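Summary of the model geometry
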Amino acid sequence: MALYRDRFVWGRQSGILSAFRMKFKYTDRMVASARGATMDQSGWGYMLGQIEGLSKKGSGLSVSEVTGKYSCWVLSDLRQETGSSGEKFYIDKETGVVSRHETFEDGILVSRGIYREFIINGSFDPALFDEKRF
């Protein structure tokens, strides 16, 4: 279990290790991905900021459409299409939410996040975000 708040990550293991609470700077290698991505770079807000920034740049984004069981629009960072680094964002046509995010380096897929079974405007118990629980 992990909580990102105020540029720190609180965590707690389950089972016999649940008595130990851990707190890390959000950039600590223990809570960042192998490529250095931090928890604040894993949510929809971050992805929407990336899409907005790319759309404002001259390089821009290309848009394509995928139809079928999971119909979506695919926004591709044009750098990715030239075989270098970049990103792809899959936007669910029904909800308008990012349902998949892929990152490429030198034309090779290095990370993929798939978001499914999410609830829009759901209610959460505020205690879920209380760092004292961690």
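Residues numbered from 1 in each chain as written. Predicted model: local features only at pLDDT ≥ 70, side-chain atom pairs only at ≥ 80, totals over all residues. Heavy atoms only, no water.

**A look at a nonpolar patch on the surface**
On the surface, a cluster of nonpolar side chains totalling about 370 Å² of accessible area is made up of Ile16, Leu17 and Phe20. Overall, the relative accessible area of 81% leaves Ile16 in the exposed class. (Patch = residues over 30% accessible without salt bridge, like charges linked within 9 Å, V, L, I, M, F, W, Y side chains within 5 Å. Areas by Shrake-Rupley, 256 points an atom, 1.4 Å probe, with all protein chains shown as cover. Salt bridge = Lys/Arg side-chain N within 4 Å of Asp/Glu carboxyl O. Buried < 20%, exposed > 50% of the residue type's maximum accessible area, 1.4 Å probe, protein only.)

**Description of unusual backbone geometry**
Backbone phi values are negative for most residues with the exception of glycine, while trans is the configuration of most peptide bonds. Here the phi dihedral of Asp6 falls at roughly 55 degrees; this positive angle occurs in a residue that is not glycine. Turning to its location among the elements, Asp6 is positioned in the loop between β1 (2-5) and β2 (8-12). Here Asp6 falls in the exposed class, since its relative accessible area comes to 59%. (Helix = DSSP H or I, 4+ residues; strand = E, 2+ residues; numbered from the N terminus.)

**As for the sheet that holds strand β5 (residues 72-77)**
Strand order across the open sheet formed by five strands is β4-β5-β6-β7-β8, with antiparallel pairing between neighbours. The sheet is open, and its two edges are formed by β4 (61-66) and β8 (108-114), each paired on a single side. With strand direction ignored, the average angle separating the axes of adjacent strands in the sheet is 20 degrees. Here five bridges tie β5 to strand β6 (residues 86-92), and the two strands are oriented antiparallel to one another. Counterpart to Ser76 in the pairing with β6 is Lys88. Of the strands in this sheet, β4, β5, β6 and β7 (98-105) touch helix α1 (residues 44-56), which is tilted by about 115 degrees from β6. (Pairing = 2+ DSSP bridges. Axes fitted to C-alpha atoms, helices over the stretch in contact; angles between N-to-C directions. Contact = heavy atoms within 4.5 Å.)

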